[in-house]
Amino acid sequence: AVAEYFASLTEPCPRIHCAMVVRGSTLVIYGGIFEMGDVEVTLDDCWALDLGKRDQWRRLLPGTMDRLVWRGDGEADDDDDDDDDDDEEEDEDEGP
């Protein structure tokens, strides 16, 4: 789902922490972070907008976000926490 989303963009997706600059009458944005549910995607695309016309974004660099593979699994993190709790209980039972 993430790959298809980025491959089909015709304007920049919503983002935080991007680099922005205005040169002449052109606004250029680069990178940033996009949140898709629980997934934070680091962006490396670049877009330009003519501020005089404001009719169409131009993609200067497509970025590599459409090649990302999500390998996260929230359940694996929960299992690790349970193991830590068991270790602490065993330590308490050992006594002096």
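The preceding data block contains the structure.
First, a word on scope: everything that follows refers to the structure included in this document. Computed from a predicted structure; not experimentally measured. Sequence order as written defines residue numbering, which begins from 1 separately in each chain. Per-residue local features are limited, in this predicted model, to residues with pLDDT of at least 70; the limit for side-chain atom pairs, both in listing and counting, is 80 or more; totals at the level of whole chains, interfaces and linings are taken over all residues. Excluding hydrogens and water, the side-chain values take into account all heavy atoms of the structure.

Considerations on the pairing of strand β2 (residues 26-36)
By the bridge criterion, 5 bridges tie strand β1 (residues 19-23) to β2 in an arrangement that is antiparallel. Counted as the bridge partner of methionine 20 is isoleucine 29 from β2. Hairpin connection from β1 to β2: 2 residues lie between these consecutive antiparallel strands, with glycine 24 at a positive phi of about 65°. In terms of strand pairing, β2 meets strand β3 (residues 39-50) through 10 bridges, oriented antiparallel. What makes two strands pair is DSSP finding at least two bridges between them. Numbering goes from the N terminus for both helices and strands, where a helix is a DSSP run of H or I of at least four residues and a strand is a run of E of at least two.

Remarks on the environment of aspartate 44
As for its position among the elements, aspartate 44 is in strand β3. Buried, partly exposed and exposed residues are distinguished by accessible area as a fraction of the type maximum, computed with a 1.4 Å probe on protein chains only: under 20%, between the cut-offs, and over 50%, respectively. Note on aspartate 44: relative accessible area 25%, which makes it partly exposed. In sequence terms aspartate 44 and glycine 31 are 13 residues apart; their C-alpha atoms lie 4.3 Å from each other. If we skip the residues at most four places from it in the chain, aspartate 44 touches Tyr30, Gly31, Gly63, Thr64 and Met65. Within the structure, aspartate 44 has its side chain in polar contact with the backbone nitrogen of threonine 64 (distance 2.7 Å). Only heavy atoms matter for contacts: two residues are in contact if any of them lie within 4.5 Å across the pair. In the analysis that follows, any N or O atom pair within 3.5 Å is treated as a polar contact, provided that within protein one partner can donate a hydrogen and the other can accept it, and provided that, for residues neighboring in sequence, both atoms belong to side chains.

Considerations on the pattern of salt bridges
A carboxyl oxygen of Asp or Glu within 4 Å of a side-chain nitrogen of Lys or Arg is what we treat as a salt bridge. This model, assessed by the stated rule, comprises 1 salt bridge. We note a salt bridge from arginine 15 to aspartate 45, for which the minimum N-O separation is 2.9 Å. Taken together, the residues arginine 15 in the loop between α1 (2-7) and β1 and aspartate 45 in strand β3 connect sequence positions 30 residues apart. Across this residue pair, the class does not change: arginine 15 and aspartate 45 are buried.

Notes on the side chain of arginine 15
Under the relative-accessibility criterion, arginine 15 is labelled buried at 16%. Reaching out from arginine 15, the side chain makes a polar contact with the backbone oxygen of cysteine 13 at a distance of 3.2 Å. At a separation of 2.8 Å, a polar atom in the side chain of arginine 15 contacts the main-chain carbonyl oxygen of glycine 31. Filtering out sequence-adjacent residues up to four positions away, arginine 15 remains in contact with Ile29, Tyr30, Gly31, Ile33, Leu43, Asp45 and Trp47.

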